[in-house]
Amino acid sequence: MEKEKLILAALEARTHAYTPYSHFQVGAALLTRSGKVYQGCNIENASYTPTICAERNAFFKAVYEGEREFEAIAIAGSPEGECISYAAPCGVCRQVMMEFCDPETFHIIIAKSPEEYVEYSLKEMLPMGFGPGDLQLG
Ligand code: THU
């Protein structure tokens, strides 16, 4: 799938954000190796800590559906209104990516629009990450 389409799906997901506290709206579109796209948005809570990020929302939807192999995620985040900033994934979301993705080949696309984006591998965004392989010491 083209990056443009994945970014448009992240921008669309952002319109679903529930953000009465921060007013910072994030959308994510996660592409599986089989070509499916799972969208997620951030969902906040009056008690603050139960808030879920857009990226984890997308991952957990996909994993629930049985998906285990992922190629890329597009993320669009910004204060309410037009998407005017590059929103990098938080550390917790990077760790969730580490659980399911190959750090060398998984692409993280941080976008303002289909024309304006930056792209990193998971390894670049989470160097020396701790993953499932690290538990297999025997
Ligand atoms: N947020 C995300 O959805 N993804 C991130 O990676 C960073 C932060 C959300 C959580 C919260 O609803 C708002 O942005 C402000 O932190």
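What counts and what doesn't
Residues numbered from 1 in each chain as written. Predicted model: local features only at pLDDT ≥ 70, side-chain atom pairs only at ≥ 80, totals over all residues. Heavy atoms only, no water. Helix = DSSP H or I, 4+ residues; strand = E, 2+ residues; numbered from the N terminus. Rg over C-alpha atoms; globule rule 2.2 N^0.38 Å. Buried < 20%, exposed > 50% of the residue type's maximum accessible area, 1.4 Å probe, protein only. Contact = heavy atoms within 4.5 Å. Areas by Shrake-Rupley, 256 points an atom, 1.4 Å probe, with all protein chains shown as cover. Near = heavy atom within 4 Å. Polar contact = N/O pair within 3.5 Å; in protein donor to acceptor, adjacent residues only side chain to side chain. Salt bridge = Lys/Arg side-chain N within 4 Å of Asp/Glu carboxyl O.

Asker: Honestly, the overall build of the chain in this entry has me stumped. Any pointers?
Answerer: For the chain, the count of helices and strands is four helices and five strands. Each helix and strand of the chain, ordered N terminal to C terminal, gives the series α-β-β-α-β-α-β-β-α. For a compact globule of 138 residues, the expected C-alpha radius of gyration is about 14 Å, and the chain comes in at 14 Å, within 12% of that figure. Taken over the C-alpha atoms alone, the chain extends approximately 50 × 35 × 30 Å along its principal axes. Burial analysis of the chain (138 residues in total) assigns 43% to the buried set. In the chain, the share of contacts with a sequence separation of at least 24, taken over all contacts with a separation of at least 6, comes to 62%. Here the chain has roughly 7,600 Å² of accessible surface; of this, 55% comes from carbon and sulfur atoms.

Asker: Help me understand the site of the ligand, please; the structure alone is not making it clear to me.
Answerer: Taken together, Ser22, Phe24, Val26, Asn42, Glu44, Thr51, Cys53, Ala54, Glu55, Ala88, Pro89 and Cys90 are the residues near the ligand. In this structure, an oxygen atom belonging to the ligand sits 2.5 Å away from a side-chain N or O atom of Glu44. Glu55 places a polar side-chain atom, nitrogen or oxygen, 2.8 Å from an oxygen atom of the ligand. Against a free-state accessible area of 370 Å², the protein chains account for coverage of 77% of the ligand.

Asker: Would you take a moment to explain the pattern of salt bridges for this structure?
Answerer: Where charged atoms from two side chains of opposite charge come close, those side chains can pair. By the definition in use, this model includes three salt bridges. Lys36 serves as the salt-bridge partner of Glu67, at 3.5 Å between the closest nitrogen and oxygen. Here Lys36 lies in the loop between β1 (24-32) and β2 (37-41) and Glu67 lies in the loop between α2 (54-64) and β3 (70-79), a separation of 31 residues in the sequence. Put simply, Lys123 and Glu104 hold a salt bridge, and the shortest N to O gap is 3.4 Å. Taken together, the residues span a long stretch of sequence, with Lys123 in helix α4 (residues 122-125) and Glu104 in the loop between α3 (91-100) and β4 (107-111) at a distance of 19 residues. A relative accessible area of 43% means that Lys123 is categorised as partly exposed. Residue Glu104 is classed as exposed on the basis of its relative accessible area, which comes to 55%.

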